[in-house]
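Descriptive structure summary
Next come the chains, spelled out residue by residue.
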Protein chains: 2
Amino acid sequence: MTDYGRVYNFSAGPSMLPVPVLEKVRDDLLNYQGTGESVMEMSHRSSEFVQIYNDAVQNLRDLLNIPDNYKVLFLQGGGTLQFSMVPMNLMTENHKADYIVSGSWAKKAAKEAVKFGDAKVIASSEDTVFDHIPEFTADDIRPDADYVYVCWNNTIYGSHFNKYPDVGDKLLVADMSSSILSEEIDVSKFGLIYAGAQKNVAPAGVTIVIIREDLIGKAPEDTPVYLNYKTHADKDSMYNTPPCFALYVAGEVFKYIKSIGGVKAMHEIDVRKAGKLYDYLDSTDFYKTPVKKEDRSLMNVVFVTGDKDLDKKFVAEAKENGIININGHRSIGGMRASIYNAMPEEGVDHLIEFMKKFEQENR
Amino acid sequence: MTDYGRVYNFSAGPSMLPVPVLEKVRDDLLNYQGTGESVMEMSHRSSEFVQIYNDAVQNLRDLLNIPDNYKVLFLQGGGTLQFSMVPMNLMTENHKADYIVSGSWAKKAAKEAVKFGDAKVIASSEDTVFDHIPEFTADDIRPDADYVYVCWNNTIYGSHFNKYPDVGDKLLVADMSSSILSEEIDVSKFGLIYAGAQKNVAPAGVTIVIIREDLIGKAPEDTPVYLNYKTHADKDSMYNTPPCFALYVAGEVFKYIKSIGGVKAMHEIDVRKAGKLYDYLDSTDFYKTPVKKEDRSLMNVVFVTGDKDLDKKFVAEAKENGIININGHRSIGGMRASIYNAMPEEGVDHLIEFMKKFEQENR
């Protein structure tokens, strides 16, 4: 299909990485930049690795225009560990937090938070199978809630917060795992943003946390040491050995995005890619996409034929055509095209051609 | 020095990986075994990755002769997360646990455990700067302790449990981060073994946990979901996205060790490498090694000249000779040669030659 006999991988994560990044990683695999070591073998205390780390932090700051009063951390444990860390660190004033449930991951986060205090779902779109972002206003938030939690992009259902919610003076916490670096965001509107890296950033195993500095140090003394943001903030993510290699690849992806013009340029490409796919979906009644138009995700495009057997046939034939992992999440079936930053535009074109052909043959 | 202009990296971790493994990873970096994807990009739910995972588990089972009633898990968060997970999951019967403090990491583990119950240090060698494994017998263990905790190999101080401690009928928990796969062990003597991978196994970011099945499910309901062993055991380490790439490299290291004859053969090489170095250290009074002879580690060989400025000179000149990260841990200074499985014997020979030359020039 592409160079190196690569396929178009529409996986929801882990997912594609930019070929120039993979080439660089390959070329430096046994000897990184003349150091005589692989990054996989490098002491995290060495000046070489500290440079890799510092560059990654600075480049992410530049890309997202992160204000100075926010710390950037690189942690392990994925979004799942953040489901616990967020309430353990931030639901510590009034022990209340309000959750917006726009999909399965937000639901899981809310369920986990109940262990640590009075976590309440104040808006949900579950009754319509998460086909939209639930509406809510600042009035729906409990006056003494310590924070409001949202999942910015819903990987499974293909929806996305296309405007900033009104949370009044409340702290907003967002899981941006499947949208980070695909759009410019105003970090100052959030108290904490986190993102598992395995969609737009790096191989699985590293999680980005962007936290406003005044929110660090609010966890009780008996919090497990790894789960206290202060542990990591005080030591610039080097309290213990960080996932160095995943962090290095993340840094290379940051450099790559900078090289093509930053997040603004990346977003334009993402808008064009998703636009092509949604335009085609809107032009036919053979495929249906359940998501409310104004809440559509640029990253995860969900669609069905309406016939489960036909969906299965689609997935199987797609694979024969170099289109892999186009199946929907195992909990809902159907199809999902995850077209993250690293999916080339040709991949989307190739998918649309295949979809047209499949429609002609199976209408 | 070696092929690819590589240096001899004596880092305590992350540390060297076998060159044949690095070559394989490099060759497959953009297209793993004809799948058209990098392992970094592979869905953890794909049949290709599940195969990588299953092979890694089976090969580790074979290498360590792990009994059927033990589960193998691959987790994130390093040893630091295990410091919390062990007591949160196992100090749940009588809420008491006894710790053997043979070095800084065991001390940290004990300190963390105090958050979750009555964790008591019943033996320590701290008063002699951890120059030996503290002695204790089954009589020193509290009758109602839920487990006894040891650090099997002390990376910073260069000591190692060279015999199984007598813990009577008590559960033994061991941190084997810096010795795993360097020696045959009788897994059945332990309730739980864990090991951060970044020394003998893989790049940082994955932790091996070997747990007896009857110990799974003892954590309270309100344990953070990621910190409950049951979460991971029930889903074969795929409850959430595992650190796929680090796990894949671990799997390749397992295959490599099998190919050279397994842990027995690896151990023979390790004994020979460490033997050469200790023999030389014992033959001179220019360098001193503080560790009690019968407790010496095969993995971390600690030595000093007795003169701090001379130690610094040693470290600097060693670097000019392709010997890097030979400095001792920042908490104690001096020198430490970490000669893990992947350090070639030529690296040890090269180090000894350098040590002799340095001795001649600075005596």
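The structure reproduced in this document is the subject of the present report. Everything numeric here is computed off the predicted structure, so don't read it as measured data.

Helix and strand counts for chain A stand at nine helices and 13 strands. Taking 363 residues into account, the globule formula puts the C-alpha radius of gyration at 21 Å, and chain A, at 21 Å, falls close to it. Principal-axis analysis of the C-alpha atoms gives chain A an extent of 65 × 60 × 30 Å. Considering chain A as a whole, with its 363 residues, one finds that 64% of them fall into the buried category. In chain A, of all internal contacts separated by at least 6 residues, the share reaching a separation of at least 24 is 67%. Surface summary for chain A: the accessible area is close to 13,200 Å², and the carbon and sulfur share equals 47%. Each charge class in chain A can be summarised by its mean position, and for the 40 positive and 53 negative side chains these summaries are 3 Å apart.

What follows concerns the packing of helix H2 (residues 47–64) of chain A against helix H6 (residues 244–259) of chain A. Residue and element names in this part refer to chain A. The interhelical angle for the contact between H2 and H6, taken along N-to-C directions, is 45°, at an axis separation of 9 Å. In terms of orientation, H2 and H6 fall into the oblique class. Crossing angle aside, the handedness with which H2 passes H6 is left-handed. Of the residues in H6, those touching H2 at Phe49, Ile52, Tyr53, Ala56, Asn59, Leu60, Asp62 and Leu63 are Cys244, Leu247, Tyr248, Gly251, Phe254, Lys255, Ile257 and Lys258.

Next up on the list: the sheet that holds strand S9 (residues 192–196) of chain A. Hydrogen bonds between backbone atoms are what pair the strands of a sheet, whose relative direction is either parallel or antiparallel. All names here are of chain A. Reading across from one edge, S2-S10-S9-S8-S5-S3-S4 is the order of the seven strands in this open sheet, with mixed pairing throughout. Because the sheet does not close on itself, it has two edges, and the strands there are strand S2 (70–75) and strand S4 (118–124). Taking the axes of each pair of neighbouring strands and ignoring which way they run, one obtains an average angle of 20° across the sheet. As defined by bridge partners, strand S8 (residues 172–175) adjoins S9 across three bridges and the pair is classed as parallel.

Moving on, we get to helix H3 (residues 78–90) of chain B. Over its 13 residues, H3 of chain B runs 18 Å from end to end, which matches the ideal 18 Å to within 8%, given 1.5 Å per residue. With respect to burial, H3 of chain B is a largely interior element, 13 of its 13 residues being buried.

To continue, consider the packing of aromatic side chains. All names here are of chain A. Evaluation of the coordinates by the stated rule reveals 39 aromatic pairs over all chains. Three or more aromatic residues link up through ring pairs in this structure, and these residues are Tyr280, Phe286, Tyr287, Phe303, Phe314, Phe354 and Phe358. Above the face of the Tyr164 ring, Lys189 is positioned so that its terminal group lies 5.2 Å from the ring centre.

All right, on to the relation of the copies chain A and chain B then. Its rotation angle being 180°, the transformation that places chain A on chain B also includes 0.0 Å of axial translation and leaves an RMSD of 0.0 Å. Both chain copies can therefore be described as sitting about a two-fold axis. Taken as a fraction of all interface residues of chain A, those also at the interface in chain B reach 100%, which identifies the copy contact as same-surface.

Let us look at the interface of chain A and chain B. In this assembly, 64 residues from chain A lie in contact with 64 residues from chain B. Interface area for chain A against chain B, summed over the two sides, is near 4,800 Å², with a carbon-plus-sulfur share of 60%. When the buried area of chain A at its contact with chain B is split by residue, Leu30, Met40 and Glu41 of chain A rank highest and sum to 16% of it. At the boundary of chain A with chain B, the tally comes to two salt bridges. Measuring nitrogen to oxygen at the nearest pair gives 2.7 Å for the salt bridge that ties Arg6 of chain B to Glu41 of chain A. Where chain A meets chain B, there are 28 residue pairs in polar contact (both at pLDDT 80 or more). Secondary-structure elements contributing two or more residues to the side of chain A that touches chain B are helix H1 (19–27), helix H3 (78–90), helix H4 (104–113) and H6 of chain A. Across the side of chain A that touches chain B, the residue classes tally to 28 nonpolar, 22 polar and 14 charged.

Rules used in this analysis
Residues numbered from 1 in each chain as written. Chains lettered and ligands numbered in written order. Predicted model: local features only at pLDDT ≥ 70, side-chain atom pairs only at ≥ 80, totals over all residues. Heavy atoms only, no water. Helix = DSSP H or I, 4+ residues; strand = E, 2+ residues; numbered from the N terminus. Rg over C-alpha atoms; globule rule 2.2 N^0.38 Å. Buried < 20%, exposed > 50% of the residue type's maximum accessible area, 1.4 Å probe, protein only. Contact = heavy atoms within 4.5 Å. Areas by Shrake-Rupley, 256 points an atom, 1.4 Å probe, with all protein chains shown as cover. Lys, Arg positive; Asp, Glu negative; His and termini not counted. Charge placed at Lys NZ, Arg CZ, Asp CG, Glu CD. Axes fitted to C-alpha atoms, helices over the stretch in contact; angles between N-to-C directions. Parallel < 35°, antiparallel > 145°, perpendicular 65-115°, else oblique. Left-handed = near helix turned anticlockwise from the far one by under 90°. Pairing = 2+ DSSP bridges. Expected span 1.5 Å × (residues − 1). Phe/Tyr/Trp six-rings, centres within 6.5 Å; stacked < 30°, edge-to-face > 60°. Lys NZ or Arg CZ within 6 Å of the ring centre and 35° of its normal. Least-squares fit on C-alpha atoms with pLDDT ≥ 70 in both. Buried area = accessible area lost by both parts, 1.4 Å probe. Salt bridge = Lys/Arg side-chain N within 4 Å of Asp/Glu carboxyl O. Polar contact = N/O pair within 3.5 Å; in protein donor to acceptor, adjacent residues only side chain to side chain. Nonpolar A, V, L, I, M, F, W, Y, C, P; charged D, E, K, R; others polar.

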